[in-house]
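For reference, the chains in residue letters:
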Amino acid sequence: MTKATGGEIPKAELKPDTKLATGGRNPHAHHGYVNTPVYHASTLLYRTAEDFLARRGQYFYGRRGTPTSEALALAIQELDGSACAGVALLPSGLGAISTALLSVVRTGDHVLITDNCYGPTRKFCDGVLARFGVTTTYFDPSIGGGIAALIQPNTRAVFTEAPGSLSFEMQDIPAIAEAAHARGALVLMDNTWASPLYFRALDKGVDLSIQSATKYIGGHSDLMMGTVSANGKAWPQLKEMAFSLGLCVGPDDMNMALRGLRTLGVRLARHHESGLKVARWLEQRPEILRVLHPGLPGDPGHAIWKRDFTGACGLFGVVFKPVPDTAINAFLNALTLYGMGASWGGFESLAIPFQLKDVRSATTWAPGGPCVRIHIGLEDTGDLIADLERGFAALVAAK
Ligand SMILES: *Cc1c(COP(=O)(O)O)cnc(C)c1O
């Protein structure tokens, strides 16, 4: 990165919000324009046969990278900090997960996967990895350093996610990383919830940190993308795998991700604040048994969250006191500001029912009542709370 007026900026001194504004930009390499142009590119031409044969030049072919992909990868790399040796851009978060896993395993290997992983991660391990002779053991997310006991001589990777999808249990990532590294296994983490802004995964011992950029990097519910940030140990194989699979992202989508990144800091700060405010309000409601949010002092994961994370996003779970499903449906149907749909991380609030019956294999999930996952968007929290009050009135009337 070079200064907007020319000259190098000392990177190590920059705070995350500054990195978000400056990362991956080099205006004077592009006639002074603030943003890197969007290169729609496949073929790249050479002037001479000699240049072609020597592959002379910074770029080679659209699939292998353009100034646009480089700008985005660099911006994310700067955010992940000096431990990050490279960033792969993939067409979805799931693509980032599968590519990262494929980059570390070979036939005969074993992987340890957290029992609270994103559902399709489990499906990929049980389906594709199993078909290629890679075995999987699921582990209790609260295992911490106890992961050591599960590591076999052929265990290549430990896959973590904190807080976990839907159930929001925290994990002691530094303890897991220490135990894994002592036995020669790499550590992967799905870091979508916190992003590198609120959890510095690579600094905490993670070798491959995955984000569904579909969520907060995009931030507007109009983009599918995934990223994997790798340290020096994991980057060569990740790069090779991403290239070999032929995975690349369209230039307009990369431009949208770059645009989203610039405001990630202010958006996440607001999601953090509003999410906690609504979570605290929900905790006090007589209809609610428990709120699953590691930022709340009463949450079992709070101590780890406080120690390792610097913030929370707007996504959390709510466990209702037992009522018939029809009452939960009435609650959801009465909401006017919360959309019902998969994904999250956009500017808008969402609420969906969920249950994890028959999903877990290493632990049992017994929340004690019906569950709803809530995403708090950028709307006014007073309006969002008033809407939830309407939902509770409908729930009480329906039960
Ligand atoms: C949504 C999500 C993914 C998958 O991302 P896509 O971009 O939808 O493929 C992965 N991990 C977590 C935690 C997610 O919430």
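Residues numbered from 1 in each chain as written. Predicted model: local features only at pLDDT ≥ 70, side-chain atom pairs only at ≥ 80, totals over all residues. Heavy atoms only, no water.

Enquirer: Please provide a residue-by-residue account of the site of the ligand, values included.
Expert: What surrounds the ligand is a group of 15 residues, the closest being G93, L94, D190, T214 and K215. Residue W344 places a side-chain N or O atom 3.0 Å away from an oxygen atom belonging to the ligand. A total of 380 Å² of accessible area belongs to the ligand in isolation, and the protein chains cover 91% of it. (Near = heavy atom within 4 Å. Polar contact = N/O pair within 3.5 Å; in protein donor to acceptor, adjacent residues only side chain to side chain. Areas by Shrake-Rupley, 256 points an atom, 1.4 Å probe, with all protein chains shown as cover.)

Enquirer: For the domain arrangement of the protein chain, give the residues involved together with the corresponding values.
Expert: Taken domain by domain, the protein chain holds domain 1 (13-262) and domain 2 (266-398). Once you take the C-alpha centre of each, domain 1 and domain 2 turn out to be 28 Å apart. The partner domain 2 presents 37 residues to the 34 residues of domain 1 that form the contact. Both faces combined, the contact of domain 1 with domain 2 buries some 3,100 Å², and carbon together with sulfur accounts for 62% of it. Counting the surface domain 1 buries against domain 2, the share from its top three residues, W193, Y198 and Y216, is 29%. Viewed at the interface, domain 2 and domain 1 are joined by two salt bridges. Here E169 and R360 are joined by a salt bridge, their closest N and O atoms 3.3 Å apart. Taken together, domain 1 and domain 2 are joined by 20 residue pairs in polar contact (both at pLDDT 80 or more). Elements that contribute at least two residues to the side of domain 1 that touches domain 2 include exactly strand 3 (135-139) and helix 7 (195-198). Considering every element that reaches the side of domain 1 that touches domain 2, the biggest residue donor is helix 7, with three residues. (Domains from an automatic or database assignment. Contact = heavy atoms within 4.5 Å. Buried area = accessible area lost by both parts, 1.4 Å probe. Salt bridge = Lys/Arg side-chain N within 4 Å of Asp/Glu carboxyl O. Helix = DSSP H or I, 4+ residues; strand = E, 2+ residues; numbered from the N terminus.)

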